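# Structural characterization, general
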Amino acid sequence: MWECPTERQKPIGTPGHILGTDELGRDMLSRMIYGARNTVGLALLTTAIAFTIGAALGMFSALKGGWIDQALSRIVDVLMAVPPLILALMLLAILGPSIPNMVGVIAVIYLAPVFRLARASAMNVVALEFIGAALLRGEGTFWLLRREILPNISSTLVAEAGL
């Protein structure tokens, strides 16, 4: 293959450049880190939003039970029935293409599995005697969620957040 004599590539793995440099002598590792900063930041933000809302709704649903639990569970079932990519494209077509909309749509998509995990874990905790004792003491819903249920399911949620 013919190659122009003025085009020379820098050797890959040159000293001081782990991934080498491009044609203009720019460090490839620093360019990759600079390009990934938005992606990592948006992924962390989306995960935090999905876990906060999903865990709160799951715990609330397990604590209240009845028609509230049924309604929230059916909404989550509908979200999980639609393939994530199709749901994301559909919602972004409705809301418009912007970064906040993208973060919100992805958070809504990944909220459903977190809801189900938090609800299942909280259902086991709600059945325990200390929750009944707290209810008899007259503790409020927010207090029960924050002081009794969340500490008991936090290890499960942290393990899921790592995935």
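Overview of the structure.

Turning our attention to the overall build of the protein. Counting its regular elements, the protein contains six helices and zero strands. Each helix and strand of the protein, ordered N terminal to C terminal, gives the series α-α-α-α-α-α. For a compact globule of 163 residues, the expected C-alpha radius of gyration is about 15 Å, and the protein comes in at 24 Å, more than 25% above that figure. Projected onto its principal axes, the C-alpha positions of the protein cover 85 × 35 × 25 Å. In the protein, buried positions account for 26% of the 163 residues. In the protein, of all internal contacts separated by at least 6 residues, the share reaching a separation of at least 24 is 59%.

The next point concerns the layout of surface pockets. In this structure, the largest pocket encloses a volume near 220 Å³. For the largest pocket, the full set of lining residues is Thr46, Thr47, Ala50, Phe51, Ile106, Tyr110, Pro113, Val114, Glu160, Ala161 and Leu163. Secondary structure elements with two or more residues in the lining of the largest pocket: helix 1 (28-64), helix 4 (99-126) and helix 6 (141-162). For the lining of the largest pocket, a count of residues per class yields eight nonpolar, two polar and one charged.

This next bit is on the packing of helix 1 against helix 6. Each pair of packed helices gets described by two things: the angle between the helix axes and the distance between those axes. With their axes 10 Å apart at the nearest point, helix 1 and helix 6 run at an angle of 125° to one another. With respect to each other, helix 1 and helix 6 are oriented oblique. Crossing angle aside, the handedness with which helix 1 passes helix 6 is right-handed. The residues of helix 6 that touch helix 1, namely those facing Phe51, Ala55, Met59, Phe60, Leu63 and Lys64, are Thr141, Leu144, Leu145, Ile149, Leu150, Ile153, Leu157, Glu160 and Ala161. Residue composition of the contact of helix 1 with helix 6, by class: twelve nonpolar, one polar and two charged.

On to the pattern of salt bridges. Enumeration over the complete set of coordinates arrives at three salt bridges. As a salt-bridge pair, Asp69 and Arg119 come within 2.6 Å of each other at their nearest N and O atoms. One end of the pair, Asp69, is in helix 2 (residues 66-81); the other, Arg119, is in helix 4, and 50 residues separate them in sequence. Between Arg137 and Glu139 there is a salt bridge, with the nearest N and O atoms lying 3.2 Å from each other.

Here we come to the side chain of Ser121. Looking at the secondary structure, you find Ser121 in helix 4. Those residues in contact with Ser121, other than ones at most four positions away along the chain, are Ile153 and Thr156.

If you look at the biggest cluster of nonpolar residues, it comprises 16 residues, and the most contacted ones within it are Met59, Leu63, Ile149 and Ile153. Of all the secondary-structure elements, those providing two or more residues to this core are helix 1, helix 4, helix 5 (129-137) and helix 6.

Thresholds, definitions, all that
Residues numbered from 1 in each chain as written. Predicted model: local features only at pLDDT ≥ 70, side-chain atom pairs only at ≥ 80, totals over all residues. Heavy atoms only, no water. Helix = DSSP H or I, 4+ residues; strand = E, 2+ residues; numbered from the N terminus. Rg over C-alpha atoms; globule rule 2.2 N^0.38 Å. Buried < 20%, exposed > 50% of the residue type's maximum accessible area, 1.4 Å probe, protein only. Contact = heavy atoms within 4.5 Å. 1 Å grid on protein atoms, 1.4 Å probe; cavity = no way out; pocket = protein on both sides within 12 Å on 5 of 7 lines; lining within 4 Å. Points joined across faces, edges and corners; volume = space filled by probe spheres on them. Nonpolar A, V, L, I, M, F, W, Y, C, P; charged D, E, K, R; others polar. Axes fitted to C-alpha atoms, helices over the stretch in contact; angles between N-to-C directions. Parallel < 35°, antiparallel > 145°, perpendicular 65-115°, else oblique. Left-handed = near helix turned anticlockwise from the far one by under 90°. Salt bridge = Lys/Arg side-chain N within 4 Å of Asp/Glu carboxyl O. Core = buried A, V, L, I, M, F, W, Y, C linked by side-chain atoms within 4.5 Å.

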